[in-house]
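Structural description and commentary
Residue-level listing of the chains:
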Amino acid sequence: MGNRGMEDLIPIVNKLQDAFATIGLSHSLDLPQIAVVGGQSAGKSSVLENFVGRDFLPRGSGIVTRRPLILQLINSNTEHGEFLHNKGKKYTDFDEIRKEIEAETDRITGSNKGISNVPINLRVYSPHVLNLTLIDLPGMTKVPVGDQPADIEFQIRSMVFEFISKDNCLILAVSPANADLANSDALKVAKEVDPKGLRTIGVLTKLDLMDQGTHARNILENKHLPLRRGYVGVVNRSQRDIDGRKDIKAALAGERKYFLTHPEYRHLADKMGTPFLQRQLNQQLTNHIRDTLPELRNKLQSQLLTLEEEVKEFKDFSYDDPARQTKAMLQLVQSFGVDFEKKIEGSGDQINTVELSGGAKINRIFHERYPFEVVRMEYDEKELRREISYAIKNIHGVRVGLFTPDMAFEAITKKQISRLKEPSLKCVDMVVNELNNVVRECGEKMARYPRLREETERIICTHIRENEQKTKSMVISLIEIQLAYMNTNHEDFIGFANAQNNTLRVTEKKKLGNQVIRKGWLSLHNVSFIKGGSRDFWFVLTAESLSWFKDEEEKEKKYMLPLDGLRLRDAESGFMSRRSAFALFIPDQRNVYKDHKQLELSCETTEETDAWKASFLRAGVYPERAREAAEGEGETPDNVGSMDPQLERQVETIRNLVDSYMGIISKQVRDLVPKALMALMINHCRDFIQGEMLAHLYSAGGTDQLMEESAEEAQRREELLKMYTTTQQALKIIGEVNMNTKSTTVPPPVDNDDLIKPFSNGPHPGQQPAAPGRRPAPQSVPSRPTPNHTGPPPSGPLRPSPVPSIPSRPDVPSRPAPSVPRRPGDSGRNPSVPSRPNIPARP
């Protein structure tokens, strides 16, 4: 080939193929290769065995090749085979190679004729082969056999297309000559991925089995169904020859004789047969590798850049280096603290656009979930009036009270304040759960070191649990502080003088006015004739009403629902629905919307539902209480409906006082509980991570124990380093091949038989030079004097200078130069070919 580097191209690709197959990435890199495709019993296996000169492939009826076989043929002085899955073992008996292929196939696919796209890598060393790499694919079939799945045809086609659809894959389309080539499965699939035929090499088998009087001359001459790379005809052994163990060398000799003696093929005999096909494939694959080297180099360079980012932390030093382990642990702990703070403060580099997390979720707990839970515990009108009535009666005892007792106000208020403990402690639990989630998310960067991650999460979660108890104690203390003293002189407290006027809620409504509280899309489930149907509308919630429109432009209003008397409760979502639903209703069972007792609404996520519930709270629409749901419609508690007018006025007064005072207390508690959580838990946890966690890690174990990699991570590191090294080596070898190719001038690597034949009848030794008209010299070019010429100048016209000798073509026998008399002064110089036969006489 004129270049040693070019001769090594196929072994280089073989090494790349083995390296990437070992780490499970042989399919990700588009390496130059030849895929053998064809229908069942087309003769693919026989062609490969003829290349090797040995029987080594499984044979039988039906589908035999059930896994891709990557066959690497390497010219060597010894003859043996090696499997990639069984490295180090050399198979000198080719019958053992067949058995190993069958056993390895059954290991993945089982014995039920199933198929798999996991390849088997076989390397055959032999002095009888040329460097060549082929992929033997399962033969295409149409009817399932035995236990094969019904879609076996689709599975095989998918596997074939997985290989041949790559641009760097040459297609060796094997078709039997005794069948109509227009129906060839191999050419059909090749045409789908290679419509111009640039990557397809045609092979015709079973030429000797064609009907008498028929031939495939037009196909082999590339006139019928032409391919850019042409067709090659071969004659394989028959089934009787295979069963009789006919020697492949004898079969190749018979093949040669067949083409030399056949009247239709004898003129093509030098371009037919297995030996020519092997040489042709070797040349085609070598040329193809050379042509695809720039693209392959670009892919490897891109892959190398990606790998450098992954292996930069351990490629230049030993994994067991204590200094490296200490540095890595310090960096991980520092990164953990930074990530924790970013997730809480909301300034993370990677922003979650799918769901709320970290600080945003805690914020929602503080301002939506917690106020909603407080309101649910606080506002229970019927229960509150019942308790006030009983308290007044029990304080008066047997006497008839003339004045409203303040002890009833204090008793009822303390009971209402005590109810704030449950939602406040629940708020602490929700924040703790979210903090634990943040810790787990921040620990994902420590996944390489499971012991370090486990210890880090254990230490922080233990610290969070300790602070949880402190925070809960503080929250309980806040409630007890409110219970310890009733400040009835508070500036916002209405006092007994104004308690007679039931204007508190009306005043709050007037403060809000009719301002818009919230806008957004909701699904309305009361508009469809189909049960369970829904429709999306644009809802606008104000302090007085709920309106919905066709779209967000708010031009076409569908309905406006007043908020007076409305309550809110959770609703069941439809079957297989993931939406979060709630409903608006009137407690006295009146219709809310048209003929519906309730207005059913739903949101995409629970977060949106909680936000809408909090907005309805601001508008004065409160949630349903469990006691209300249990009492049923129309029921009234004992003695409540039979109160006398004086007791009713006293109950109303106490209720207004409790309502006013609880508004003050709930506002303070809703403000102080989040502050206590931030101070005692979140900020304290952040300071602990940044200041004390490292000391706790050192006390938990040595650096070597904490920085011990997991088995999966160690394997991944080894694979990455191996791939990194392999990619570097591949780029180095490719670079050397490119440099050698540029520095050596070689003819184009094409089939040059047609170019050689015109020169095969050149002049023989002793033959006279050609006639003067054969190779005339240009007359317009003047001659130049010969350097260092000492003879007298020629008389007469100037004689043209001798034309430099033309180097011989590659692979063409050199011809002897015609005998030309030497001139004086030219002794020791190579004879020059004269431009004209008439040579002037020498003096």
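Residues numbered from 1 in each chain as written. Predicted model: local features only at pLDDT ≥ 70, side-chain atom pairs only at ≥ 80, totals over all residues. Heavy atoms only, no water.

Attention shifts here to the overall build of the protein. The helix and strand tally for the protein stands at 25 helices and 17 strands. In the protein, which comprises 843 residues, the share counted as buried stands at 43%. The long-range share in the protein, meaning contacts at least 24 apart out of those at least 6 apart in sequence, stands at 76%. For the protein, the accessible area works out to roughly 46300 Å², and carbon and sulfur atoms hold 50% of it. (Helix = DSSP H or I, 4+ residues; strand = E, 2+ residues; numbered from the N terminus. Buried < 20%, exposed > 50% of the residue type's maximum accessible area, 1.4 Å probe, protein only. Contact = heavy atoms within 4.5 Å. Areas by Shrake-Rupley, 256 points an atom, 1.4 Å probe, with all protein chains shown as cover.)

This part is about the pairing of strand 7 (residues 169-176). Strand 7 sits mainly inside the fold: seven of its eight residues count as buried. The pairing of strand 1 (residues 33-37) with strand 7 spans five bridges and is classified as parallel. Bridging from a neighbouring strand, Ile 34 pairs with Leu 170 of strand 7. In this sheet, strand 8 (residues 200-205) lies alongside strand 7 in parallel orientation, the contact comprising six bridges. Note on strand 8: the bridge partner recorded for Ile 171 is Thr 200. Running through helix 6 (residues 185-193), the crossover from strand 7 to the neighbouring parallel element strand 8 is right-handed. (Pairing = 2+ DSSP bridges. Right-handed = clockwise from strand over helix to strand, strands pointing away.)

The buried fraction of helix 3 (residues 44-52) is high, at nine of nine residues. Taken together, the buried positions of helix 3 are occupied by Lys 44, Ser 45, Ser 46, Val 47, Leu 48, Glu 49, Asn 50, Phe 51 and Val 52.

Take the sheet that holds strand 3 (residues 80-83) next. With mixed pairing, the nine strands of this open sheet are ordered in space as 4-3-5-2-6-1-7-8-9. One side of each edge strand has no neighbouring strand; the edge strands of this open sheet are strand 4 (86-91) and strand 9 (231-233). Neighbour-to-neighbour, the strand axes of the sheet open up by a mean angle of 25 degrees, direction not taken into account. Relative to strand 5 (residues 120-126), strand 2 (residues 69-75) is paired through seven bridges, and the arrangement is parallel. When the bridges of strand 5 are listed, Ile 70 appears paired with Asn 121. Its contacts with the sheet place helix 5 (residues 152-164) against strand 1, strand 6 (132-136) and strand 7, and it is angled at close to 155 degrees to strand 1. (Axes fitted to C-alpha atoms, helices over the stretch in contact; angles between N-to-C directions.)

Quick look at the nonpolar core now. Of all hydrophobic cores here, the largest spans 62 residues; its most connected members are Phe 340, Val 431, Leu 435 and Leu 452. Of all elements in the fold, only helix 11 (322-345), helix 12 (359-378), helix 13 (381-396), helix 14 (406-418), helix 15 (421-442), helix 16 (450-484), helix 21 (645-691) and helix 22 (693-700) reach the threshold of two or more residues within this core. Looking at which element gives the most residues to this core, the answer is helix 21, with 17 residues. Excluding anything up to four places from it in sequence, Val 431 contacts Ile 362, Ile 365, Phe 366, Leu 677, Met 681 and Ile 682. (Core = buried A, V, L, I, M, F, W, Y, C linked by side-chain atoms within 4.5 Å.)

Turning to the confidence of the model for the protein, a few remarks are in order. Confidence in the prediction for the protein averages 76 pLDDT; 74% of positions are at 70 or higher. Confidence scores differ between elements of the protein, with helix 25 (residues 753-756) showing the lowest mean pLDDT of 36 and strand 9 the highest of 91. In this model, residues 632-642 is a region of pLDDT below 50 whose contacts with residues beyond four sequence positions or in other chains number seven contacts. Low pLDDT, under 50, characterises residues 738-812; the predicted model gives this stretch 54 contacts beyond four residues in sequence or across chains. (pLDDT = per-residue confidence, 0-100.)

All right, on to the sheet that holds strand 12 (residues 545-549) then. Taken together, the eight strands give an open sheet; going across it, the order is 13-12-11-10-16-15-14-17, and neighbouring strands pair in mixed fashion. Only two strands of the sheet have a single partner each, and these edge strands are strand 13 (557-562) and strand 17 (622-623). Here six bridges tie strand 15 (residues 580-585) to strand 16 (residues 598-603), and the two strands are oriented antiparallel to one another. Opposite Phe 585, over in strand 16, you have Gln 598 as the bridge partner. The strands touched by helix 19 (residues 606-618) within the sheet are strand 10 (516-524), strand 11 (535-542), strand 12, strand 14 (567-570), strand 15, strand 16 and strand 17, with strand 10 carrying the most contacts at an inclination of about 135 degrees.

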